[in-house]
Structure formats: structure tokens, C-alpha cells
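Chain by chain, the residues:
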Amino acid sequence: MKQHRTIAVLLSIVLQGLGQIYNRQWLKGILFMMIEVAGFIYIAPRLGGAIWGLVTLGEKTQKFVKVGKVAQMVKGDHSIFLILDGLIILFLVFVLLGVYVWNIGDAYQSGKLRDEKKPVRTFRQSYEHATTFYFPYFMLALPALGVLFFTIMPIVFTVMLAFTNYSAPDHIPPAKLVDWVGFKTFADLVKMKSWSHTFVGVLIWTIIWAVLATVTTYFGGILVALLIEQKGIRFKKLWRTIFIIPYAIPQLISLLVMKNLFNGQFGPINQYLGYFGLGGLPWLTDPFWAKVTVITVNMWIGIPVSMVLILGILTSIPRDLYEAADVDGASTLQKFRIITMPFILFSTMPILIMQFAGNINNFNVIFLLTGGNPAKGDYQFAGATDLLITWLYKLTLDNNKYNVASAVGIIIFLIVAIFSIWNFRRSKSFKEEDMIQ
Amino acid sequence: MRKWKNNARLTLSYTLLLLISVVAIYPALWVVLSSLRPGGSLYSEHFWPRQFTLVHYAELFTSKAYLYGTWYLNTLKIAVVTMILSTILVTLSMYALSRFRFRGRKTALTVMLVLGMFPSFMSLIAIYIILLQLNLLDTHMALILVYSAGAALGGFIVKGFFDTIPRSLDEAARIDGASHLQVFAKIMLPLSKPMLTYVALTSFTGVWGDFIFARLVLRTKENWTVAVGMWDLVNSLQNSNFTMFAAGSVLIAIPITLLFIFLQRFLVQGLTSGASKG
């Protein structure tokens, strides 16, 4: 007998919730129906417009029309709003489709129970069943919605912008329309001399920065940690607490303070150099010295984090390894090279790679300290210390070159993604997470 | 000979440690001293001021141009609400991802990973337009909403921590008839205090430090957070008013730094548990 389940499924396909009502699950059926009706009322009149908007990006610009004697402005299509509205509608349709599929599956399950001559669940029982067997979905529903509308959708939107010509001065709505241009933005970035020069320059500096910033803080952290953990050093806890201070101070504050410390004219650093009879250095205004400054300041901020990490790992190295090495007559250096270093490297490798990826996107240090400056004349809207990410920021907020900014964003994503995927491939913890239990 | 060598090593080490301590503390000390110095300029003859004054602190709260008190309260409000919301969201969702094997779990984990690789403000323009259409621009609600909505994405460390709590504990409780929520509230939460502290603290301090997004959303001066205010102060000052900026910095840094130092133990646990799990 498969009657009930077939009928219930068919009814639920025709109208969401009808199958549940057929299964005498009144409350559930009515709830499903209300969702569909509400969704339908909201979406039906908007769906056509949404698709039209996404495809054409609008057809008329705003213009002045003479009404009697005064010119009146008639609103045109705003391409960017059209893209976003279209996306929101599509995402809503997506969510409602999910509910629809769930409704059909549910009708099938209840129909099956009836076919097997078992009682269907009451609303209360359904609720309990759901919170037991679908518990994780309940827990994840709210965060998932938040992520969907405030992270995924904005990213999709921005990715779409990279394929339009949305940029100042010629294509800024509402005065002008925006069009799809395919891969032209990417091609310009690589081929057009003015853009490619900036892009390559900024990209190279971004990679140099990421390597140097990661390596200096990492090995700095190891050195400091080893220094504290040496045999015979006293007040270990005190040293540790002192060294953690730079990490504890909010980054925004410490970076703004550093900016003043390194001020070329009035800053104390140059003042002290003067006491030693040395001339002041253009810490923030010379292309080379600005690079030195950001790396140095980043060490000040980053070493404490590595230190904390490595101190934790040092305590987990089995003592007997060192004892065995002592018996064999190994020197301190040998012990470090053969036991300590491999141990640290092995357990921090995933973090090291993630720190590298994080440094590619290290906005704060650059932006708050130098703002990407000193400016470079032959660069398009970028300075000597600008990373891809700060360049993206400037392109977006200061210069309205939205399409180029999105393309740069996609490229950053690709670079970071390659490192992260490689990292997770090689770190076992992702694959074998169940083994810990 | 051996003893001499050992002493030399220790002397060198202590010198280095002292040197690093000076470098670590100096900027903080310099700001504190600057905030107590009379006059407004960045430049000063002496590191240790000749006289001390609290006038800059008073100025912060009386000045018409800088509504520091209002900014401070704004930030505190946003930070507390964000902290509560995102801690709840992160722990609940990571508990689900760590403890249950359900369809779509791997997908969810992969999506989290991939989304984490996008530069965070690639979504800036879109969020701006969404907030514009929801009529939420220039409100604190908008900031709280966006901060908390994205919170679950940074939850890998929390998941790693939950993974290390033996599953036999919750299975035993389940057999005794506890519901999933009871298991979560009565067994997982008490065991994950270090992690909760870590999450709460990082989301709390995150709000104090974020100015990119706050600057985009908050338009009127009365609604600013301290981050936006301080950024504005630094950018508008030209060797004047520096002492006032210093005073403002001290007032922000002290509570957060103290929190960090007191909760250090939890933080270290949080960091290292994330480390071993990757």
C-alpha cells in the first residue's frame, strides 16, 4: 500500500502544506501554507522585474522632462540597486524552495507512516522529533541566515561588479547606466599599461611584505620564547606578562600611537636619534624607510602572539628527548636543531601558513600606520606601502573604481585560497578529526 | 670555564630580556606620560614631564568638538550586545558542527573555510546598500547586526576546542535522558569556559578596534564609536591636541589591557588549542 504517501506528496507539490493537512497534521499544514502564501505575495510581483534588472541592468537614465514650464527630474534605472534587488529576490526564492522541498519530504514521511498503519505525529511530537533528530539544523539555521544575507550575498554581489563597468567617472548611477562587460576589467588589469604597472608593483610588495612579516614575527617569537624558557632564567612569569603587553593593547590604539612615535618632524624616535648625533630618518615618508617601519612595527605587534603560541608548544615537548640527547653528549645548539626546532615547526605549520595568508590581508598595520603612502606618481591610486587590500579600499571608497576593486578582491581571494587549500590538504586534522576522541 | 660560560650566557640573556621589555613597554609608557603632560604638542623636550596634569582627561569629556564620553558609551553598548549575541551564535553553531554528523555538515565546514578567505570588506559596498534600503544607516543596530551575523564564520577555533571534549560525556548524559540543549547547557558550557572567555573577549575587543566598517555606517558625530573618533582626531591633528589623543587612548587601552592580562590564562589556552588542531 503506497496510497497515502503518493497522495500526500502530490498534494504537497500542488500546494505547500496540503499534504500535511491530508495527513491530518493541521497546525503544521497551516504553517506551511502560510509561509508559501506570504512568500508568493511578496515575490510574485517582483520576480519578473528582478530578472529583467539583472539581465539588462536598467534601460533608461534619469533625465529632465519639461512639465509645463519647469523641468522635472524623472528617475531612471539605478543599475546597482537593480543588481542587489535582483539578488535579494533570487536568494529569497532559494530559501523558499528549500522550505518547499522540505514540505514534500515531510508529507512523504508522514504518508509512509500512515501506509504502515502507524499514527502520524502530532504537532508536539513533530516538534520533539525535530529537536532530537534535526537538532543541528535548528542550531545552525539562524547563523546560516545571517551568513547568507550579510556575507554570501554581498560577496556574490561584489563578484558580479567585477564583470561590469561600474566605475568613476563614466558609469556611476543614477546619472549613468552600468553594463555587463565580461572579463574586460581583468584584461585591463593585466594588459593596460597604467593598471598593470600598479597591479604588478603592489602585488610584488604584498608578497614581500607577507613573507617578511610572517618570518620576522615567527622567528622573533621563537627567540623570545626560548630566551624566557632557558635554564637558570628567573621570574619567567613576569617576563611573559611584560612581553604580552603589546598584544593586549588594542591594535587600533597602538598603531595610531606608533604613527606618532615615528613622526619624522616631531616624533620622539627621531628626537632620540638626534641625541646620538644622528640625523632623523624619514620613517613614514620615504618609500624604503616606510617599508622598514611597517615591518618593524608589525614585529612589535606580532611577536607576542607567536611567543604565546610557542611557549605553549615548548612545554609539550617530552623531557626525555632532551635527557636522551644529554646522554649522547649533544650540545645546546644540536639539541635545538634536532629536537626543539622540528617539534615547533611541525606543530605550528598550519598556523604559520594561515598567518602568511592573514598577512596578505593585513589591512590595519598598513592603513593606520602609513595609509599606503608615500604616494607613487606612476601608480594608479596607490602608494609605495599599499598592499592589494589597502589598494582595494582606496579604489572603492576614495576613487569609486568599483569594478577594478572587485577584480582585485577576487584575485586576493584566489591567492589566499591556494595557500589555505594547500594547508588543509596537508594538515591531517581536517581529515582525521574524529581520531582525537 | 664552564661556570664562566654559563654566567656569560645568563648575563647576555638578561640584557636581551631587559632590552625587549623596554621596547615592549616604551610606547605604552610614552602615551601615558604624554597624556599627563601640559600643552598639546607631540614634541616634548623630556621623556619624563616636568609637571603632571589631568587637564586633558577633563577636556575629553567637556570638549564640544570631541564627544568622547558619548563615543565611549556608544562603543560600550555595541560591544556588549555584540559580545553576547556572537558568543551565543558561535558556541551554538560550533557545538552542532562539532558534535553531530548530519547531511551538509562537510559542506557547511567548507563554506566557512572558503568565505573566510575573502577579504572582509569586499562586501562593504553591498552591505552599505542593503543597510541603506533597510533604513539602518547611521544606527548602532546596523553595526551589531553585521558584527554578529558574520561571527559564526570565525568559529573554527571553537569547533576545535569542542572536538577535544570527550564525546562519552554527552553520550552518558543522553542515556540519562537529557535533551541536546540540556547537554549543551549543563555539560559543554561549564567545560568550555576558556573558550567562551576567548570568544567573548575577542568579539568585545573587535568592536573597539573596528573603524573601517563603523566609519562607513555611522555618519553623525553623536553616533560614532571611539575607533572612528580617535581616527578622526589623529587625522585632524597637526602636532596639536596630541596629548588629548593620548588621554583618549589611555582610557580605551586600560580596561581592555587589564581584561587581557587577567584572562591571559584562558587566552593562551584558546590560542594553543586552536594551534594543535589547525
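The structure displayed is predicted, hence computed values, not measured ones.

**Q** Summarise the overall build of chain B; cite the residues concerned and give the values.
**A** When helices and strands are counted, chain B shows 14 helices and zero strands. Counted from the first residue to the last, chain B has its helices and strands arranged as α-α-α-α-α-α-α-α-α-α-α-α-α-α. Over its C-alpha atoms chain B spans a radius of gyration of 24 Å, topping by over 25% the 19 Å that the globule rule assigns to 278 residues. The principal-axis extent of the C-alpha atoms belonging to chain B is close to 75 × 70 × 35 Å.

**Q** Break down the overall build of chain A for me, citing the residues and quoting the values.
**A** Counting its secondary structure elements, chain A contains 18 helices and two strands. Against the 2.2 N^0.38 benchmark of 22 Å for 437 residues, chain A shows a C-alpha radius of gyration of 31 Å, more extended than a compact globule. Taken along its principal axes, the extent of the C-alpha atoms in chain A is 90 × 80 × 35 Å. For chain A, the share of sequence-separated contacts (at least 6 apart) that also reach a separation of at least 24 residues comes to 64%.

**Q** Describe the interface of chain B and chain A, and please don't skip the residues or the numbers.
**A** Contacts between the two partners involve 71 residues from chain B, matched on the other side by 73 residues from chain A. For the side of chain B that touches chain A, the class distribution of residues is 51 nonpolar, 17 polar and three charged.

**Q** Go over the UniProt feature "transmembrane region" (unreviewed entry) in chain B with me, naming the residues and quoting the values.
**A** In the UniProt entry, the feature "transmembrane region" (unreviewed entry) is given for residues 12-33, 76-97, 109-134, 140-158, 196-218 and 242-263 of chain B. As a span, residues 196-218 of chain B carries 87% helix and 0% strand, and end to end its C-alpha atoms are 29 Å apart.

**Q** Describe the pairing of strand β2 (residues 70-74) of chain A, and please don't skip the residues or the numbers.
**A** Counting buried positions over the five residues of β2 of chain A gives zero, only a small fraction of the element. Where strand β1 (residues 63-67) of chain A folds back onto β2 of chain A in an antiparallel hairpin, the turn is made up of two residues, including Gly68 of chain A, whose phi is positive at roughly 65°.

**Q** Tell me about the nonpolar core, residues and numbers included.
**A** For soluble globular proteins, the rule of thumb is that nonpolar side chains tend to be buried together. If you look at the biggest cluster of nonpolar residues, it comprises 160 residues, and the most contacted ones within it are Val408 of chain A together with Val146 and Ala227 of chain B. Both domains that furnish three or more residues to this core are identified here as domain 1 (3-167) and domain 2 (185-436) of chain A. Those residues in contact with Ala227 of chain B that lie beyond four places of it in its chain are Leu252 of chain A together with Trp208, Gly209, Asp210, Phe211 and Ala214 of chain B. One finds Val9, Leu11, Tyr22 and Ala107 of chain A within the second-largest nonpolar core, a separate group that totals seven residues.

**Q** So, the domain arrangement of chain A: which residues are in play, and what are the values?
**A** All names here are of chain A. Under the domain assignment, chain A is made up of domain 1 (3-167) and domain 2 (185-436). Spacing between the C-alpha centres of domain 1 and domain 2 amounts to 44 Å. Taken together, the residues of the side of domain 1 that touches domain 2 sort by class into four nonpolar, four polar and no charged.

**Q** Explain helix α10 (residues 251-261) of chain A to me, using residue names and the numbers behind them.
**A** Within α10 of chain A, ten of the eleven residues are buried, which leaves it mostly tucked inside the rest of the structure. Of all the positions in α10 of chain A, only Leu252, Ile253, Ser254, Leu255, Leu256, Val257, Met258, Lys259, Asn260 and Leu261 of chain A are classed as buried.

**Q** Kindly report on the UniProt feature "transmembrane region" (unreviewed entry) in chain A, identifying the contributing residues and their values.
**A** Residue and element names in this part refer to chain A. Those places that UniProt annotates as "transmembrane region" (unreviewed entry) correspond, in this numbering, to residues 29-58, 79-102, 137-163, 199-226, 238-257, 297-317, 338-358 and 402-422. Helix makes up 93% of residues 29-58 and strand 0%, and the two end C-alpha atoms of the span are 40 Å apart. Strand forms 0% of residues 402-422 and helix 100%; the C-alpha atoms that close the span are 30 Å apart.

**Q** Give me the lowdown on unusual backbone geometry, citing residues and values where you can.
**A** Leave glycine aside and you will find that most residues have negative phi; peptide bonds, for their part, are mostly trans. All names here are of chain A. With an omega dihedral of 0°, the bond running from Asn373 to Pro374 counts as a cis peptide bond. Although it is not a glycine, Arg24 adopts a positive phi angle of roughly 60°. Note on placement: Arg24 falls in the loop between α2 (18-22) and α3 (26-56). In the Ramachandran plot, Phe381 falls in the positive-phi region, its phi being about 55° despite a non-glycine side chain. In this fold, Phe381 is placed in the loop between α15 (363-369) and α16 (388-398).

**Q** A description of the confidence of the model for chain A should follow, citing residues and the corresponding values.
**A** Taken over all residues, the pLDDT of chain A has a mean of 84, while the share at 70 or more is 97%. Across chain A, the element-wise mean pLDDT spans from 48 in helix α18 (residues 428-431) of chain A up to 92 in helix α8 (residues 193-229) of chain A.

**Q** Got a sec to walk through the packing of helix α6 (residues 135-161) of chain A against helix α5 (residues 124-133) of chain B? Specific residues and values, please.
**A** Contact pair α6 of chain A / α5 of chain B: the axes reach a minimum separation of 8 Å and the direction vectors enclose 115°. Classed by the angle they form, the pair α6 of chain A and α5 of chain B counts as roughly perpendicular. Every pair of crossing elements has a handedness; the one defined by α6 of chain A and α5 of chain B is right-handed. In this structure, α6 of chain A contributes Phe150, Met153, Pro154, Phe157 and Thr158 of chain A to the contact, and α5 of chain B contributes Ile125, Ala126 and Ile127 of chain B. Of the residues that constitute the contact of α6 of chain A with α5 of chain B, the class distribution is seven nonpolar, one polar and no charged.

**Q** Tell me what's going on with the packing of helix α3 (residues 68-99) of chain B against helix α6 (residues 140-149) of chain B, and back it up with residues and numbers.
**A** Residues and elements named next belong to chain B. Direction vectors running N to C along α3 and α6 enclose 30°, while the axes themselves pass 9 Å from each other. Classified by the interaxial angle, the pair formed by α3 and α6 is roughly parallel. Classified by chirality, the crossing of α6 by α3 is right-handed. In this structure, α3 uses Asn74, Lys77, Ile78, Val81, Thr82, Leu85, Ser86 and Leu89 to contact α6, whose residues at the interface are His140, Leu143, Ile144, Tyr147 and Ser148.

Conventions and cut-offs
Along each chain, residue indices are assigned from 1 in the same order as the chain's sequence is written. Here the convention is simple: chains get letters from A, ligands get numbers from 1, in the order in which they are written. A pLDDT threshold of at least 70 governs which residues receive local features in this predicted model, and a stricter bar of 80 or more applies before side-chain atom pairs are shown or counted, although totals over entire chains, interfaces and linings include all residues. Helical segments are the DSSP runs of H or I of at least four residues, strand segments are the runs of E of at least two, and each set is numbered from the N terminus. Throughout, the radius of gyration refers to the C-alpha atoms, and the reference size of a globule is 2.2 Å times the residue count to the power 0.38. Contact between residues is assigned whenever the C-beta positions, reconstructed from backbone atoms, fall within 7 Å. Three classes are used, and their members are as follows: Ala, Val, Leu, Ile, Met, Phe, Trp, Tyr, Cys and Pro are nonpolar, Asp, Glu, Lys and Arg are charged, and the others, Gly among them, are polar. UniProt positions are given in the numbering used here, feature names are shortened, and annotations may be inferred rather than shown by experiment. Buried residues are those with 20 or more other C-beta atoms within 10 Å of their own C-beta, exposed residues have 12 or fewer, and partly exposed residues lie in between; C-beta atoms are placed from the backbone. Whether two strands pair comes down to DSSP finding at least two bridges between them. By definition, a nonpolar core groups buried Ala, Val, Leu, Ile, Met, Phe, Trp, Tyr and Cys residues that connect through C-beta atoms lying within 7 Å of each other. Note that domain bounds follow an automatic or database assignment of domains. Per-residue confidence from the predictor is reported as pLDDT, which spans 0 to 100. Fitted lines through C-alpha atoms give the axes, limited to the stretch in contact for helices. The angle between two N-to-C directions lies from 0 to 180 degrees. Orientation labels follow simple angle bins: below 35 degrees gives roughly parallel, above 145 gives roughly antiparallel, 65 to 115 gives roughly perpendicular, and whatever is left gives oblique. Throughout, a crossing is termed right-handed when the near helix is turned clockwise from the far one, and left-handed when it is turned anticlockwise from it by less than a right angle.

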